[in-house]
Amino acid sequence: MSETRETMIKRLRMRSMRRGIKEMDLILSAFADAHLAEFSDEGLALYDRLLSENDHDIYCWIGGQFPTPPEYLDLVTRISAEAEGVTRPA
């Protein structure tokens, strides 16, 4: 049985707020609440894959400490633009 779009968005929001490190909880839950409803199905699938990555890697991609894998570059750039003050001083 496949997951409905509504159920997928709820699951992704929950996964966004229950990460391994508090900074990622703050960054990803705010982003998910603000944007997941407007994502295409492909965008939701990409975000789902991003959430499967290691929290410390995602945090370093968002903060610019590590290069972001090309697959996630546009998404991470978008998340990073809204993470000002959490990953680095505003």
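Residues numbered from 1 in each chain as written. Predicted model: local features only at pLDDT ≥ 70, side-chain atom pairs only at ≥ 80, totals over all residues. Heavy atoms only, no water.

Trainee: I'd like a rundown of the packing of helix α2 (residues 22-35) against helix α5 (residues 73-81), residues and numbers included.
Mentor: Where α2 meets α5, the closest approach of the two axes is 10 Å, and the angle between their N-to-C directions is 100°. Here α2 is positioned roughly perpendicular relative to α5, judged by the angle of their axes. In this structure, α2 uses I27, L28, F31 and H35 to contact α5, whose residues at the interface are L75, R78 and I79. In the contact of α2 with α5, the residues fall into five nonpolar, one polar and one charged. (Axes fitted to C-alpha atoms, helices over the stretch in contact; angles between N-to-C directions. Helix = DSSP H or I, 4+ residues; strand = E, 2+ residues; numbered from the N terminus. Parallel < 35°, antiparallel > 145°, perpendicular 65-115°, else oblique. Contact = heavy atoms within 4.5 Å. Nonpolar A, V, L, I, M, F, W, Y, C, P; charged D, E, K, R; others polar.)

Trainee: Explain the nonpolar core to me, using residue names and the numbers behind them.
Mentor: If you look at the biggest cluster of nonpolar residues, it comprises 25 residues, and the most contacted ones within it are Y47, L50 and I79. Among residues more than four places away in sequence, those in contact with L50 are I58, W61, Y72, L75, V76 and I79. (Core = buried A, V, L, I, M, F, W, Y, C linked by side-chain atoms within 4.5 Å. Buried < 20%, exposed > 50% of the residue type's maximum accessible area, 1.4 Å probe, protein only.)

Trainee: Residues and numbers for the environment of I62, please.
Mentor: For I62, the position within the fold is in helix α4 (residues 55-63). Under the relative-accessibility criterion, I62 is labelled buried at 2%. In this structure the C-alpha to C-alpha distance between I62 and T77, which are 15 residues apart in sequence, comes to 7.0 Å.

Trainee: Before we move on, can you summarise the side chain of D25 with the specific residues and values?
Mentor: Within the fold, D25 resides in helix α2. Although D25 is buried, it forms no salt bridge, and the closest oppositely charged side chain is K22 at an N-O distance of 4.4 Å. Polar contacts involving the side chain of D25 include one to the main-chain amide nitrogen of R19, which spans 2.7 Å. (Lys, Arg positive; Asp, Glu negative; His and termini not counted. Salt bridge = Lys/Arg side-chain N within 4 Å of Asp/Glu carboxyl O. Polar contact = N/O pair within 3.5 Å; in protein donor to acceptor, adjacent residues only side chain to side chain.)

Trainee: Go over the pattern of salt bridges with me, naming the residues and quoting the values.
Mentor: Tallying each qualifying case throughout the model produces nine salt bridges. Between R19 and D55 there is a salt bridge, with its nearest N and O atoms 2.7 Å apart. Of this pair, R19 sits in the loop between α1 (5-17) and α2 while D55 is found in helix α4, placing the two residues 36 residues apart along the sequence. Here R19 and D55 have matching classes, each one buried.

Trainee: Account for the packing of aromatic side chains, with residues named and values stated.
Mentor: Applying the stated criterion across every chain yields a total of four aromatic pairs. An aromatic cluster is present here, built from F31, F39 and Y47 joined pairwise through their rings. (Phe/Tyr/Trp six-rings, centres within 6.5 Å; stacked < 30°, edge-to-face > 60°.)

Trainee: Residues and numbers for the side chain of D55, please.
Mentor: Owing to a relative accessible area of 9%, D55 belongs among the buried residues under this scheme. Within polar-contact distance, the side chain of D55 engages the side chain of R19 at 2.7 Å. Side-chain polar atoms of D55 contact the backbone nitrogen of I21, separated by 3.3 Å. If near-sequence neighbours (up to four positions away) are discounted, D55 is found in contact with R19, G20, I21 and M24.

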